[in-house]
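Below, each chain spelled out in residue letters.
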Amino acid sequence: MSLLMKMQTQLNDSIPGSAAELISVALDSGDIYSAAAVYGLADFHDKKLLAELLTAKRRDVLKLARWQHTPAEVLALFADVEDEAVRLRIDKNPATQTQTLSNLYRDEADISFITLIAKHANTSAEVLWQILHSSTATDLVRAVVKNPNTDAETLALVAEKFADQFDAELASHPATSADLLMRLYARGNEFVQAAVVAHKECPATLFTLAAKQESSLILRHLATNLHIDKRLTSRLALDKNYSVRRAAASHKNLPAWVLEQLVRDDSEYVRRVVAAREDLTAEMMNCLIADTDHWVRQWVALNSKLSDSQLYSLSQDEHKEVRRAVARNPKTNSALLSQLANDQEVWVRAAVANQPNTPASTLIILADMDDIDVLGGVAYNPKTPQKVLQRLSYSISADVRRAVILNNMAIRQTLLPLLDDPYYLNRMMLIQSRALSADDKWTLYDDPDPAVRFSLFTWFSRQYQQ
Amino acid sequence: MKILVAVKEVASLDDDFEIRDDQLDVDEDFLLYDLNEWDDYSLEEAMNIKEAADSDVEVVVVSVGPDRVEESLRKCLAKGADRAIRVWSDEMEGSDSITVGRILAAVAEQEKPDMIFAGVQSSDDANASTGISLSSYLNWPHAAVVAGLDYTPGSNKAVATRELEGGMAQDVEISCPAVLTIQLGINTPRYASLRGIKQAAAKPIEEISLSDLGLSAEDVGADASFAQVRRMYIPEKGMATMIEGTPAEQAAKLAEIIKEYRGEL
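The structure displayed is predicted, hence computed values, not measured ones.

Draft legend 1. A look at the overall build of chain B. From N to C terminus, chain B includes six helices and eleven strands. Referenced to the eigenvectors of the C-alpha coordinate spread, the extents of chain B come out at roughly 70 × 45 × 40 Å. The proportion of buried residues among the 265 residues of chain B is 44%. Long-range pairs, those at least 24 residues apart, make up 70% of the contacts in chain B between residues at least 6 apart in sequence. Roughly 14100 Å² of accessible area belongs to chain B as shown, and the carbon and sulfur atoms make up 47% of that amount. Separation between the mean location of the 24 positive side-chain charges and that of the 51 negative ones in chain B comes to 3 Å.

Structure follows, in structure tokens:
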């Protein structure tokens, strides 16, 4: 008997009234996905029963140990299973928690498995310190140095123990101390020095040293450091190398007089970065609106300080991406949006459909168009009338139906038919909807898709945990 | 009017897997099963013909395999197939694609369809021979790698557009009944409706064994097969280099490698 038939036979449609009832439904169903979802909610006795169900078949354990949605508590349960293939999956699973990884490390002898633990984003600084003391294998040390949880003390030890072998990784690590960065700069090559001067902890004394270098690589990285002062930013923004000027062009410290020069920079790469800044004056924006490079015009068209006339001018641009940027600009008025709704390019009309300022009357017109991107935008727009949303909820496109589900203004009556949506992801998303009641959602308890059942039982678990 | 659609439940591999001790296959615990992608398109093509027809068209899906194959057959029923047939006897274990073609031909002789669809190939074994073998055992015409089809139920001719190398296409007029192997992209397979899935869960699946087909144990299985697996293994990997260093250093090294390959260094 299939799982679906079993669930339909054994269960009824009434919503579980308590955590115990929810767990009981999961147990009765024999479904590992429902069981995994409620495992964290169960008391000692039920946990034992759920554990029996979850670990009954090796095939199921392997499947869940690999699945990125498996709850951390279930992965901790699987960590006790004596099976190398299961352990490999838990070491790799991004949901495995710090304590489980610590326990796995304690009993681990295989260096390839220890390397996986060293790479894991949830491995604690303490375990990483222990790993470093246990081996000098290059891959293992590199994994420790690359792990964002490794602390300054461990990184300093690597720098001391392995000479300059891992300087590149150390120079890029966010926890590297200012003191170590100084040493790395002194002994490092051009690439290491570049990484050091871009580091958020880089001491100011190194800024002065780096600024004297000829290397455009070092200067480019220096220009990205948010802690450099206005004077240095200005100097770099006027550097002879365009890549250095481009890096400095987005710096928040850039004075207006430098910005005025960069607006007319010879390199379009520099002007594109300038055009993306919000702190442009009307004059600067006028200059960028007339730029020959469409990327520059596209970036400036997104600026929220553009006047109506500037936006209108850009809306007449020959390039569709520029007109689309106008349609996406939060300051574009409804009259201009209605005009862009008739644009010959679908991509522009889709941006109008997605724009929250587009009036309902325009959205109704757009809803009669055929293109999926336009209909998806209308379906997602909070201003779209409910009747239009109801019509779009029957669209043949799963993407359009999903946009209705994601629309925060969609009411219960609009969403109810979508509980029967053929596409499992759409049904799964309905579980998070605030418009549907718990009773509505419970109709998915015997859904044929495991991800939907898991999401539903997880949602109910959270309700009972509150 | 009846269309028989041959489908297969294929195995896909988990990221890390183990090969069985006998070295003939992957350990089943590491396999994930699903309906072969090509067969999804075959079924959709049959459903499109059924839905566009003025007369009654029955779509029957058939698969050769053990109990677990029922899951894929139910998926087909959920998408609208009228009947599902599962063919299995333990003696069929180890049958190669040619032998599966022989088994399917025996089913076709009983069902007497007007047209048979099969996928171009299965994603796991990729022999691309079951459909062709089936047509050979039936002595029916066939067209392979069909990417477009013009066929009216009841007609004694169909025009199949075959996909060829180099982006070429070939229109072939074929006498019916025929076996067509269907290529990906011929249509857009539907998702089964939730109601369809629930109804399919309760629908019966016809089970046929070796004796029902008039075949003997000597006709099927590994011993009757033309090809037998001798060993399955992971070949030695080629050379690969991990580029280490700061992101800028990695980018510079990569640019250097590309220039070297392009002969610019």
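Draft legend 2. Expanded view of unusual backbone geometry. Residues and elements named next belong to chain B. Going from C176 to P177, the amide bond is cis rather than trans, its omega being 5°. Relative to the helices and strands, P177 is located in the loop between strand 9 (169-175) and strand 10 (179-182). The phi dihedral of N139 falls on the positive side, at around 60°, and the residue is not glycine. Note on placement: N139 falls in the loop between helix 4 (130-138) and strand 7 (142-150). One non-glycine residue, V145, lies in the positive phi region at around 55°. Position of V145 among the secondary structure elements: in strand 7.

Draft legend 3. Quick peek at the packing of aromatic side chains. Counted according to the given criterion, the structure contains ten aromatic pairs over all chains. Between Y242(A) and Y269(A), the aromatic rings sit 5.7 Å apart at their centres with planes inclined by 35°, giving tilted as the arrangement. Of this pair, Y242(A) sits in helix 19 (residues 242-249) while Y269(A) sits in helix 21 (residues 268-275), and the two are 27 residues apart along the sequence. When its relative accessible area of 37% is taken as the criterion, Y242(A) is described as partly exposed. Taken together through their ring pairs, the aromatic side chains of W442(A), Y445(A), F457(A), W459(A) and F460(A) make up a single cluster. Lying over the aromatic face of Y33(B), R68(B) brings its terminal NZ or CZ to 3.9 Å of the ring centre. Sitting over the face of the ring of Y233(B), R231(B) holds its NZ or CZ atom 3.8 Å from the ring centroid.

Draft legend 4. Spotlight on the packing of helix 14 (residues 178-187) of chain A against helix 15 (residues 190-198) of chain A. Residues and elements named next belong to chain A. Look at helix 14 against helix 15: their axes get within 8 Å of each other, and the N-to-C directions meet at 150°. In terms of orientation, helix 14 and helix 15 fall into the roughly antiparallel class. As helix 14 runs across helix 15, the sense of the crossing is left-handed. Contacts from L181, L184 and Y185 of helix 14 reach helix 15 at V192, Q193, V196 and V197. Looking at the contact of helix 14 with helix 15, its residues break down into six nonpolar, one polar and no charged.

Draft legend 5. Region of interest: the nonpolar core. The biggest cluster of nonpolar side chains holds 148 residues, and the ones touching the most others in it are L54(A), F78(A), I131(A), V196(A), L222(A), L236(A) and V274(A). The biggest single contributor to this core is helix 35 (residues 450-465) of chain A, with seven residues. Among the domains, domain 1 (168-252) and domain 2 (255-332) of chain A are the pair contributing at least three residues each to this core. Those residues in contact with V196(A) that lie beyond four places of it in its chain are A171(A), L181(A), L184(A), Y185(A), C202(A) and L206(A). Formed by 36 residues, the second largest nonpolar core is a distinct cluster that contains A46(B), L73(B), F117(B) and A158(B).

Draft legend 6. Molecular detail of the interface of chain B and chain A. Across the boundary between the two partners, chain B contributes 26 residues, which contact 33 residues of chain A. Across the chain B/chain A interface, buried area totals approximately 2400 Å², and carbon plus sulfur atoms make up 55% of it. Salt-bridge contacts for E244(B) lead to R142(A); the nearest nitrogen and oxygen are separated by 3.2 Å. For the side of chain B that touches chain A, the secondary structure elements donating two or more residues are strand 3 (31-35), helix 5 (194-202) and helix 6 (247-261) of chain B. The residue inventory of the side of chain B that touches chain A, partitioned by class, reads 13 nonpolar, three polar and ten charged.

Draft legend 7. Quick look at the confidence of the model for chain B. Taken as a whole, chain B shows an average pLDDT of 94; of its residues, 100% reach a score of 70 or greater. Of the two predicted TM-score estimates for the complex, the pTM is 0.88 and the ipTM is 0.83.

Draft legend 8. A look at the pattern of salt bridges. Tallied over the entire structure, the rule returns 49 salt bridges over all chains. We note a salt bridge from R187(A) to D167(A), for which the minimum N-O separation is 2.8 Å. Separated by 20 residues along the polypeptide, R187(A) in helix 14 and D167(A) in helix 13 (residues 167-172) bring together distant segments of the chain. Of the charged contacts, one joins E70(B) and R74(B) as a salt bridge, the two residues approaching to 3.7 Å between their closest N and O atoms. With E70(B) and R74(B) both in helix 2 (residues 70-78) and four residues apart, this pair spans about one turn of that helix. Relative accessible area serves as the criterion here: at 17%, R74(B) is assigned to the buried category. Each member of the salt-bridge network shares a partner with another, and the members are R58(A), D83(A), E18(B), D27(B) and D29(B).

Draft legend 9. Local environment of the side chain of S135(B). Within the secondary structure layout, S135(B) lies in helix 4. Excluding residues within four positions of it along the chain, S135(B) makes contact with W140(B), P141(B), H142(B) and V179(B).

Draft legend 10. Region of the structure containing the domain arrangement of chain A. All names here are of chain A. You can read the domains of chain A as domain 1 (168-252) and domain 2 (255-332). Using only C-alpha atoms to locate each centre, domain 1 and domain 2 end up separated by 29 Å. Taken over both partners, the interface formed by domain 1 and domain 2 buries close to 990 Å², and the fraction arising from carbon and sulfur atoms is 70%. Linking domain 1 with domain 2 are one salt bridge, by the criterion used here.

Draft legend 11. Looking closely at the sheet that holds strand 4 (residues 58-64) of chain B. All names here are of chain B. Taken together, nine strands build an open sheet; the order of strands is 9-8-7-10-6-1-4-5-11 and the sheet is mixed. Each edge of the open sheet is held by one strand with a lone partner, namely strand 9 and strand 11 (206-208). Each strand axis lies, on average, 40° off the axis of its neighbour in the sheet, ignoring direction. In the packing of helix 2 onto the sheet, contacts are made with strand 4, strand 5 (83-87) and strand 11, and the angle to strand 5 comes to roughly 165°. Sheet strands in contact with helix 4 are strand 6 (115-119), strand 7 and strand 10, and its direction is about 180° off that of strand 10.

Draft legend 12. Examining the environment of N329(A) more closely. Residue and element names in this part refer to chain A. Of note, N329 is situated in the loop between helix 25 (320-328) and helix 26 (334-340). Accessibility expressed as a relative area gives 0% for N329, which makes it buried. Residues N329 and K305 lie 24 residues apart in sequence; the distance between their C-alpha atoms is 9.7 Å. Contacts of N329, omitting those with residues within four sequence positions, involve A301, L302, N303, S304, L306, L311 and Q355.

Draft legend 13. Inspection of helix 10 (residues 125-134) of chain A at higher detail. All names here are of chain A. Within helix 10, the full set of buried residues consists of V127, L128, I131 and L132. Buried residues of helix 10, viewed axially, fall in a sector of 140°; they line one side. Elements in contact with the buried residues of helix 10: helix 8 (98-106), helix 9 (111-119), helix 11 (138-146) and helix 12 (152-161).

Draft legend 14. Spatial organisation of the pairing of strand 9 of chain B. Residue and element names in this part refer to chain B. Pairing of strand 8 (residues 157-163) with strand 9, which is carried by seven bridges, proceeds in the antiparallel orientation. Considered in strand 9, the bridge of T161 is made with D171. If you look at the hairpin formed by strand 8 and strand 9, you'll find five residues sitting between the two strands, and G166 has a positive phi there, around 65°.

What counts and what doesn't
- Residues numbered from 1 in each chain as written.
- Chains lettered and ligands numbered in written order.
- Predicted model: local features only at pLDDT ≥ 70, side-chain atom pairs only at ≥ 80, totals over all residues.
- Heavy atoms only, no water.
- Helix = DSSP H or I, 4+ residues; strand = E, 2+ residues; numbered from the N terminus.
- Buried < 20%, exposed > 50% of the residue type's maximum accessible area, 1.4 Å probe, protein only.
- Contact = heavy atoms within 4.5 Å.
- Areas by Shrake-Rupley, 256 points an atom, 1.4 Å probe, with all protein chains shown as cover.
- Lys, Arg positive; Asp, Glu negative; His and termini not counted.
- Charge placed at Lys NZ, Arg CZ, Asp CG, Glu CD.
- Phe/Tyr/Trp six-rings, centres within 6.5 Å; stacked < 30°, edge-to-face > 60°.
- Lys NZ or Arg CZ within 6 Å of the ring centre and 35° of its normal.
- Axes fitted to C-alpha atoms, helices over the stretch in contact; angles between N-to-C directions.
- Parallel < 35°, antiparallel > 145°, perpendicular 65-115°, else oblique.
- Left-handed = near helix turned anticlockwise from the far one by under 90°.
- Nonpolar A, V, L, I, M, F, W, Y, C, P; charged D, E, K, R; others polar.
- Core = buried A, V, L, I, M, F, W, Y, C linked by side-chain atoms within 4.5 Å.
- Domains from an automatic or database assignment.
- Buried area = accessible area lost by both parts, 1.4 Å probe.
- Salt bridge = Lys/Arg side-chain N within 4 Å of Asp/Glu carboxyl O.
- pLDDT = per-residue confidence, 0-100.
- Pairing = 2+ DSSP bridges.
- Arc of directions from axis to C-beta.

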